[in-house]
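Geometric and topological summary
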Amino acid sequence: MKVEDPRRYLLELAPLAGEEARGEYVASRLPGARRDGLGNVWAGEGKVLLLAHLDTVLPPKPPRRVGERLYAPGVGDNTSGVAVLLSLPELPGVVRGFTVGEEGLGNLKGARALVEALSPEVVVAVDGYLPGVVDRALGSVRLRVRLQGPGGHAWGDRRLPHPVFALAEGLCRVRALVEGREDASVNASGLEGGQAVNAIPQEAACLLEVRALEEAALAALLQGVEAAFAEAARAHRVRLALEVLGRRPAGRTATPRLLQAAERALAEVGERPQWLPGSTDASAAVERGIPALGFGVYRGGGAHTPEEWVLPSSLLEGQRALLALLRGLGVG
């Protein structure tokens, strides 16, 4: 059983930008690699499907070393997960899958396609920090919000409806829905509105994400979001359009056997699991009722920021723990 050094893969993968380039890199180093029309790469046969996503939130850059750390956008999430999974040997009963579309508006398209095509009995997303174990899928809905009005001159038409102020009021109303809550969140990004400082925009828009631990709470929060923007649109006399761009399920399918295997695997590297809710490729299995969890394999910080960092040596710990998890599941 030949185990590769994941640190070498980390250094080679880290500067590569885009799912296509990363997929080509993985396919060239994965014996028996297969690819689908989406860009997923996988190899192996068996009931256990390991998934690591190829995409990153921010465009990758060549990492810089500061002491023992490597800094670069995406160097951890999920370049390190890909490196660890790629470093494993071919194992009986195990499929190694590398997916597209986990981040941003990808809507888990890669993981959903592989889970459907391969029909695994167990799914493990190789993603996140040691000793984190995502034992509960965090539900989310992602939307595009658009508010439209007639537009006009900033002074001469100053009494006309203003989509930007309507958007701002709607966002404030939405923010208030989750104040003080530990089970839900909202995030706004990609704000747009207008081109000139002296012109009233005809449209204002943003991307919005709502998350919750339970499906019922997620549905109630989404209803509240729709009502908040509808009220803001009426108050400002503008038109409202809400477009759902993606959904991820909330729920838990990890069996006692799977949880116990994760706990014992982390014990082999001197750790105890930090049980967490989260949104990973494992959610594609959760929505189908397949036992699944996310398993962290590196130490780092600053995910989804330009200053993301990892400890390269920790990937060796993650590799050991992942191999121990597979032994605990009776494969490999």
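Described below are features of the structure shown in this document.

Thresholds, definitions, all that
- Residues numbered from 1 in each chain as written.
- Predicted model: local features only at pLDDT ≥ 70, side-chain atom pairs only at ≥ 80, totals over all residues.
- Heavy atoms only, no water.
- Pairing = 2+ DSSP bridges.
- Helix = DSSP H or I, 4+ residues; strand = E, 2+ residues; numbered from the N terminus.
- Axes fitted to C-alpha atoms, helices over the stretch in contact; angles between N-to-C directions.
- Left-handed = near helix turned anticlockwise from the far one by under 90°.
- Contact = heavy atoms within 4.5 Å.
- Core = buried A, V, L, I, M, F, W, Y, C linked by side-chain atoms within 4.5 Å.
- Buried < 20%, exposed > 50% of the residue type's maximum accessible area, 1.4 Å probe, protein only.
- Parallel < 35°, antiparallel > 145°, perpendicular 65-115°, else oblique.

With respect to the sheet that holds strand β5 (residues 69–71)
In space, the 4 strands of this open sheet follow the order β4-β5-β18-β17, with antiparallel pairing throughout. Strands with a single pairing partner mark the edges of an open sheet, and in this sheet they are β4 (64–66) and β17 (300–301). In this structure, β4 lies alongside β5, joined through 3 bridges in antiparallel fashion. Bridged to Arg65 within β5 is Leu70.

Here's the deal with the packing of helix α1 (residues 6–13) against helix α2 (residues 19–29)
Between α1 and α2, whose axes approach to 11 Å, the crossing angle comes to 150°. With respect to the hand of their crossing, α1 and α2 are arranged in right-handed fashion. Counting all contacts with α1, which are made through Tyr9, Glu12 and Leu13, the residues of α2 involved are Arg22, Tyr25 and Arg29.

Focus on the nonpolar core
Judged by nonpolar contacts, the single largest core of 52 residues is most densely connected at Val26, Leu50, Phe98, Phe295, Leu325, Leu326 and Leu329. For this core, the leading source of residues is helix α9 (residues 314–328), giving 7 residues. Ignoring anything within four residues of it in the chain, the contact list for Val26 reads Val41, Leu54, Val82, Leu86 and Phe98. Listed in part, the 25 residues of the second largest apolar core include Leu143, Val174, Ala204 and Val225.

Details of unusual backbone geometry
Residue Asp77 is joined to Asn78 through a cis peptide bond whose omega torsion reads 0°. Structurally, Asn78 is set in the loop between β5 and α3 (79–87). Residues Leu130 and Pro131 are joined by a peptide bond in cis, for which omega reads 0°. The backbone phi angle of Asn107 is positive, close to 60°, even though this residue is not glycine. You can call Asn107 partly exposed: its relative accessible area is 25%. Located in the positive-phi region is Leu108, a residue other than glycine, with phi close to 60°. Here Leu108 falls in the buried class, since its relative accessible area comes to 0%.

Some details on the packing of helix α7 (residues 256–267) against α9
For the pair α7 and α9, interaxial distance at closest approach is 8 Å and the crossing angle is 140°. Between α7 and α9, the interaxial angle falls into the category oblique. Considering only the axes of α7 and α9, their crossing is right-handed. Packed against α7, whose contacting residues are Arg257, Ala261, Ala262, Ala265 and Leu266, the element α9 presents Ala321, Ala324, Leu325 and Gly328 at the interface.

Regarding the pairing of strand β13 (residues 203–212)
Where burial is concerned, most of β13 is hidden: 7 out of the 10 residues are buried. As defined by bridge partners, strand β9 (residues 139–148) adjoins β13 across 10 bridges and the pair is classed as antiparallel. Bridge pairing links Gln148 to Glu203 in β13. The pairing of strand β11 (residues 184–193) with β13 spans 8 bridges and is antiparallel. By the bridge assignment for β13, Val186 is matched with Val210.

Function cannot be inferred from these measures alone, as they are strictly geometric.
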